[in-house]
Amino acid sequence: RSVNIVAFGNERDVFSEDSQQPSLIWSYLGRSALISQVDSSLSAGHVGSPVFTEYQACAFGNVRLVVRDCPVWDIFDSDWYTSRSLIGGADIIVIKYSVNDKTSFQELKDSYVPMIKKALNHCSVPVIISAIGARKNGVPCTCPLCTSDRRSCVTTSEGVQLAKELGATYLELHTLNDFYVQKYFGGVLEYFMIQRLNQKSSEKMKKRKKTQKCHRVQPPQLEQPEKMPIIKGEASHYDADLHNLLCGCQCADVAFYPEDLSTVVEAHKVILCSVSHLFMLLFEVKSPADIRDASIVRTAQSLFAVEAGAASPPLPRGVPPCVPPVRVVVKDSVFCACLPDILHFIYSGAFQWERLEEDIRKKVKDPEKTEQVLEKVKCILQTPGKLNTVKDCRSHQIKRLYNTSLRLFFNTPVLADVIFKIQGATVPAHRAVLVARCEVMAAMFNGNYLEASSMLVPVYGVSKDTFLSFLEYLYTDSCCPASILQAMSLLICAEMYQVMRLQHICELYIITQLQSMPSRELASTSLSIVSLLRKAKFHNSDCLSTWLLHFIATNYLIFSQKPEFQDLSVEERNFVEMHRWPSNLYLKQLADYRNYVHSQKCHCSVM
């Protein structure tokens, strides 16, 4: 017997200086008298950082307890499959938050609660919402005109309302001591554990009684179809691609210099402008009137100076992109010395704030100057109109100050330095993004090819819509095909340019759509599965072609009636016949059973 518990959220106080305080789950496992033999391990995510901590223990003497504690909500954004698997396999869900982190609570309520509700739509799993910590600003003011006490703390009414939305049990734990953890939280958790164990025992007993019900000769048992091959998605390397672009200095179109011109640091305008309105202002992508934030304008003027005549004008169509990089003078010598570290921070996804702080402290070795440099970085990353009021910034908080996205420059002529011509239309793009994200294009633009010195690049063998979807993936690291046929076209394009992760995403999309088709729709659809199989084989999609063969075999009774079934090769037909479901043996046993029932002149309730 086992119970699976999944915990989401971070109970740590954003204002607390103790970053090593134990979590709620660990505190409970360590204190409860019903728990023994606790072991823990970390599960790594797609960037190598821990996604959740898994604890295994014994409860009530002989019950296996598995607890997965996931403190970072980003798993719902970066790893959809893992988050759905965690919720789908949970017997009990615990949601934690600190009452002193209003911003995280609001993000939980607006972004992640709808995802959890959708995942729990078809199952009844008990949910416990734990509001942890003592509110720092005392009792909230009840005056309807005063909101000063409600900005940083989450009120009880807000927590209760969230619990109502999820149909959850709401608990307030003012501190993680023996009473609140063991007796209060532990009592509720153990009640649900016993409830789920009783429910599982009841279901097991019903199945046992059902198998013992009939003592007559039983009909043949239809075995389950063979398990489909599992296609695992490839981890994202979006941030690593951009970081490698900075390290390789390919397609650099901006160069930063100190005032004495002694050193140079190269970068890419499109990457810098995607994370910073200050750089948009500096490179004339936006005007001060568009920014509407005096602090950003002042910082840009005091920190940088673009050399006169350095801003490159738009290139006429057909002119090779041979314009030298824009020269930018950094007026602050300390900031200029730290610029390589700041650029590495930006190109790596701008989420390792603590590492940037440490690197700057080591280089500057002056607390006051270090703080000044960090404040300028925050201003560079700041979204107009948003004020950074957090003094002790953390990685998950700095990401809220700005929105990193190359989507703003997708399919737009702003800063574009290459134009693709496809089906009579033109599509602008940026060499830096293409080189960073696609090895084939990196070779094409940096090698001895015609495209390396041409502004206009023709594209053949793919439609405009498919190529736009391909470019959208390169810019945003995401794609949403509208149909199975569009996903197959995008898969072919991804194979042409050797973007393997996009190819795997398209494979998973096709598999997911086919698996969700009801049998009636599968029998009547005009979509040719054999044609998909042919394309998958031709374009080296071995995983998808193997899965499609299993899919045809598993739905043998449907596909054997379709004309396209005759288009299978002899080898493919033999594979399908060998793995067909239901099998020939089962059909023979079923015929024999029917003959037996007829000979006994008795009516079988099962048939």
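All of these numbers come straight from a predicted model, not from anything done at the bench.

Reading guide: rules and limits
Residues numbered from 1 in each chain as written. Predicted model: local features only at pLDDT ≥ 70, side-chain atom pairs only at ≥ 80, totals over all residues. Heavy atoms only, no water. Helix = DSSP H or I, 4+ residues; strand = E, 2+ residues; numbered from the N terminus. Buried < 20%, exposed > 50% of the residue type's maximum accessible area, 1.4 Å probe, protein only. Contact = heavy atoms within 4.5 Å. Areas by Shrake-Rupley, 256 points an atom, 1.4 Å probe, with all protein chains shown as cover. Pairing = 2+ DSSP bridges. Polar contact = N/O pair within 3.5 Å; in protein donor to acceptor, adjacent residues only side chain to side chain. Salt bridge = Lys/Arg side-chain N within 4 Å of Asp/Glu carboxyl O. Core = buried A, V, L, I, M, F, W, Y, C linked by side-chain atoms within 4.5 Å. Domains from an automatic or database assignment. Axes fitted to C-alpha atoms, helices over the stretch in contact; angles between N-to-C directions. 1 Å grid on protein atoms, 1.4 Å probe; cavity = no way out; pocket = protein on both sides within 12 Å on 5 of 7 lines; lining within 4 Å. Points joined across faces, edges and corners; volume = space filled by probe spheres on them. Nonpolar A, V, L, I, M, F, W, Y, C, P; charged D, E, K, R; others polar. Phe/Tyr/Trp six-rings, centres within 6.5 Å; stacked < 30°, edge-to-face > 60°. Parallel < 35°, antiparallel > 145°, perpendicular 65-115°, else oblique. Left-handed = near helix turned anticlockwise from the far one by under 90°.

Undergrad: Just to check I follow, could you spell out the overall build of the protein chain for this structure?
TA: Across its full length, the protein chain holds 26 helices and 14 strands. For the protein chain, buried positions account for 45% of its 607 residues. Residue pairs in contact within the protein chain that sit at least 24 positions apart in sequence constitute 67% of those at least 6 positions apart. When the accessible surface of the protein chain is totalled, it reaches about 32,000 Å², and 53% of it is carbon and sulfur.

Undergrad: Would you explain the pairing of strand β12 (residues 418-422) in this entry?
TA: Every other side chain in a regular strand lies on the same face of the sheet, so the side chains alternate between the two faces. Within β12, 4 of the 5 residues are buried, which leaves it mostly tucked inside the rest of the structure. With 5 bridges joining them, β12 and strand β13 (residues 425-429) adopt antiparallel strand pairing. Its bridge partner being in β13, lysine 421 is matched across the sheet by threonine 426. Hairpin geometry of β12 and β13 is characterised by an intervening segment of 2 residues between the two adjacent antiparallel strands and by a positive phi of about 50° at glutamine 423.

Undergrad: How should I be thinking about the environment of serine 516 in this particular structure?
TA: As for its placement among the helices and strands, serine 516 is situated in the loop between α20 (500-515) and α21 (519-524). Overall, serine 516 belongs to the exposed group, its relative accessible area being 51%. Within the structure, serine 516 has its side chain in polar contact with the backbone oxygen of glutamine 513 (distance 2.8 Å).

Undergrad: In this structure, what is going on with the environment of histidine 539? I would like to understand it.
TA: With respect to the helices and strands, histidine 539 occurs in the loop between α22 (529-538) and α23 (542-554). Classification of histidine 539 as buried rests on a relative accessible area of 15%. Separated by 46 residues in the primary sequence, histidine 539 and cysteine 493 have C-alpha atoms spaced 9.6 Å apart. When residues no more than four places from it in sequence are discounted, the contact partners of histidine 539 are Ile492, Glu495 and Gln503. Only 3.4 Å separates the side chain of histidine 539 from the side chain of glutamate 495, close enough to count as a polar contact.

Undergrad: What is the right way to look at the pattern of salt bridges in this model?
TA: Counted by the stated rule, this structure contains 20 salt bridges. The partner of aspartate 341 in a salt bridge is lysine 363, and the shortest N-O contact between them spans 2.9 Å. One end of the pair, aspartate 341, is in helix α12 (residues 333-347); the other, lysine 363, is in helix α13 (residues 353-364), and 22 residues separate them in sequence. Exposure remark for lysine 363: the relative accessible area of 41% places this residue in the partly exposed category.

Undergrad: I tried to follow the nonpolar core on my own but got confused; where do I start?
TA: Ranked by internal contacts, the top residues of the largest apolar core, which has 112 residues, are Phe256, Phe304, Phe420, Phe467 and Phe470. Looking at this core, you find at least three residues from each of domain 2 (245-308 + 323-381) and domain 3 (510-602). Among the nonpolar cores identified, the runner-up in size contains 31 residues, and Ile75, Ile87, Ile95 and Tyr97 belong to it.

Undergrad: Whenever I open this one, the sheet that holds strand β11 (residues 326-330) confuses me. Can you help?
TA: Hydrogen bonds between backbone groups are what pair the strands of a sheet, and the pairing can be parallel or antiparallel. Pairing is mixed across the open sheet formed by 4 strands, whose spatial order is β9-β8-β11-β10. Each having just a single partner strand, β9 (265-267) and β10 (304-306) make up the two edges of the open sheet. Averaged over all pairs of adjacent strands, the angle between their axes in this sheet comes to 30°, without regard to strand direction. Note that β10 and β11 share 3 bridges and pair antiparallel. Bridging across to β11, alanine 305 finds its partner in valine 329.

Undergrad: Looking at this model, I keep getting lost on empty space enclosed by the protein. Mind explaining?
TA: One way to see where empty space is left: roll a probe the size of a water molecule over the atoms. Taken as a whole and assessed by the stated rule, the structure comprises 1 cavity of 30 Å³ or more. Put simply, the largest cavity is a space of about 40 Å³. For the lining of the largest cavity, the secondary-structure elements that each account for two or more residues are α1 (24-31) and β4 (63-70). Take the lining of the largest cavity: its biggest share by element is 3 residues, from α1. Split into classes, the residues belonging to the lining of the largest cavity amount to 7 nonpolar, no polar and no charged.

Undergrad: Sorry if this is basic, but what is going on with the packing of aromatic side chains here?
TA: The description of an aromatic ring pair rests on the distance of the ring centres and on the angle between the ring planes. Here the structure, examined in full by the defined rule, presents 20 aromatic pairs. For the pair phenylalanine 304 and phenylalanine 335, a centre-to-centre distance of 6.1 Å together with 80° between the ring planes defines the contact as edge-to-face. One end of the pair, phenylalanine 304, is in strand β10; the other, phenylalanine 335, is in helix α12, and 31 residues separate them in sequence. Both residues of the pair, phenylalanine 304 and phenylalanine 335, belong to the buried class. Plain terms: the ring middles of phenylalanine 551 and phenylalanine 559 are 5.8 Å apart, the flat faces sit at 65° to each other, and that makes the pair edge-to-face.

Undergrad: Sorry, what's going on with the pairing of strand β5 (residues 92-98) here?
TA: Of all 7 residues in β5, 7 are buried, a share of seventy percent or more. Pairing of strand β1 (residues 2-8) with β5, which is carried by 4 bridges, proceeds in the parallel orientation. Counted as the bridge partner of alanine 7 is valine 94 from β5. The sheet contact formed by β5 and strand β6 (residues 127-132) spans 6 bridges and is parallel. Counterpart to tyrosine 97 in the pairing with β6 is alanine 131.

Undergrad: Looking at this model, I keep getting lost on the packing of helix α19 (residues 484-496) against α20. Mind explaining?
TA: For any two helices packed against each other, one specifies the crossing angle of their axes together with the interaxial distance. At a minimum axis distance of 8 Å, the contact between α19 and α20 shows a crossing angle of 160°. For the element pair α19 / α20, the angle class is roughly antiparallel. For the pair α19 and α20, the sense of crossing is left-handed. Two secondary-structure elements touch here, α19 through Ile484, Ala487, Met488, Leu490, Leu491, Ala494 and Glu495 and α20 through Leu502, Gln503, Cys506, Glu507, Tyr509, Ile510, Gln513 and Leu514. Considered class by class, the residues forming the contact of α19 with α20 number 11 nonpolar, 2 polar and 2 charged.

Undergrad: Where do I start with the sheet that holds strand β14 (residues 456-458) in this structure?
TA: Strand order across the open sheet formed by 3 strands is β13-β12-β14, with mixed pairing between neighbours. For this open sheet the edge positions go to β13 and β14, each flanked by a neighbour on one side alone. Between one strand axis and the next, the sheet turns by 30° as a mean value, whatever way the strands run. Note that β12 and β14 share 3 bridges and pair parallel. Pairing of phenylalanine 420 across the sheet is with valine 457, part of β14.

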